[in-house]
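Analysis of the macromolecular model
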Amino acid sequence: LQSPSNEKAEEVIYSPDGLWVAKRFIGQSSINLDRIEIQNISGSVVWNIPFEGVILEADGEVWVEIPKQGEEWKGEPNPSIYIFEWSHDSQYLYFNYRLFADGYQPLMDKYDLQRINVTTGVIEKVLSGTGRMDFMFSPNQEYLVFTRRQDVPRQIIIRKTSDGTEQSSSSPEWDKDAEIGGFDWSPY
């Protein structure tokens, strides 16, 4: 267990059972200090998720190299790590990377939906694929709707989270330049 950071968190989200808290920290734009800390109820840091590695473009090529924690960024753009949501049973924290474009905000602006098991610390990728995506859980987390830039023509895919079965919808009019996203679910 580590001591919590003295920095002010950009975002603080408590687990549904109230036993965990996820905090997102960001650094200056020129230095990579972005990370998520998961603390237990007593305030000790149990897991630290650093933002480092690579983000791949739709063709699988490296698009952005994220420097190690504390290193300087080498160019633009500067994406960041974000808390997506807690699982309803508080077992997992979902997180992803996101890029805010200068001048407009694309509908497919997320990357690499992942989750960490707060008991074991194991991180796993939830969505396979590369490049920009958009995704949203249904209110009860029974389904995950998503679209990926790598799919041409574009598809809207709905995955049942319990068994991984998928249904998809596509149209020949949804070419490689179509932006699909901004999903929202009805409350039921």
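See the structure above.
Let me sum up the structure you'll find in this document. (Residues numbered from 1 in each chain as written. Predicted model: local features only at pLDDT ≥ 70, side-chain atom pairs only at ≥ 80, totals over all residues. Heavy atoms only, no water.)

Side note on unusual backbone geometry
For the peptide bond that leads from Val152 to Pro153, omega is -5°, which places it in the cis range. In this fold, Pro153 is placed in the loop between β12 (143–148) and β13 (155–160). Its identity is not glycine, yet Ser90 carries a phi of approximately 65°, on the positive side. With respect to the helices, strands and loops of the structure, Ser90 is situated in the loop between β7 (80–86) and β8 (92–98). Residue Ser90 is classed as buried on the basis of its relative accessible area of 2%. (Helix = DSSP H or I, 4+ residues; strand = E, 2+ residues; numbered from the N terminus. Buried < 20%, exposed > 50% of the residue type's maximum accessible area, 1.4 Å probe, protein only.)

Some details on the sheet that holds strand β4 (residues 45–50)
Strand order in the open sheet formed by four strands is β1-β2-β3-β4, and the pairing between neighbours is antiparallel. Looking at the sheet topology across the chains shown, the edges are occupied by β1 (11–14) and β4. Averaged over all pairs of adjacent strands, the angle between strand axes in this sheet comes to 15°, irrespective of strand direction. Summarising the sheet, strand β2 (residues 20–25) and strand β3 (residues 35–40) pair through six bridges and their orientation is antiparallel. Each bridged residue has a counterpart across the sheet, and for Ala22 the counterpart in β3 is Ile38. (Pairing = 2+ DSSP bridges. Axes fitted to C-alpha atoms, helices over the stretch in contact; angles between N-to-C directions.)

Comments concerning the nonpolar core
Of all hydrophobic cores here, the largest spans 20 residues; its most connected members are Ile36, Ile38, Ile49, Ile81, Trp86 and Leu93. Counting residues per element, the ones that place at least two in this core are β2, β3, β6 (62–66), β7, β8 and β9 (110–117). Once residues within four sequence positions are removed from consideration, Leu93 is found in contact with Ala22, Ile36, Ile38, Ile83, Glu85, Trp86, Gln114, Arg115 and Ile116. In terms of nonpolar packing, the next biggest core, distinct from the first, is built from 12 residues, Tyr92, Val126, Leu144 and Ile157 among them. (Core = buried A, V, L, I, M, F, W, Y, C linked by side-chain atoms within 4.5 Å. Contact = heavy atoms within 4.5 Å.)

What about the packing of aromatic side chains?
Within a pair of aromatic rings, the relevant descriptors are the distance that separates the centres and the angle that separates the planes. Across all of its chains, the model carries seven aromatic pairs by this definition. Here the aromatic residues Phe84, Tyr94, Phe135 and Phe137 are joined through ring pairs into a cluster of three or more. Sitting over the ring of Phe135, Lys110 keeps its end group 5.6 Å from the ring centre. Taking the ring centre of Tyr92 as reference, the NZ or CZ of Arg115 above it sits at 3.7 Å. (Phe/Tyr/Trp six-rings, centres within 6.5 Å; stacked < 30°, edge-to-face > 60°. Lys NZ or Arg CZ within 6 Å of the ring centre and 35° of its normal.)

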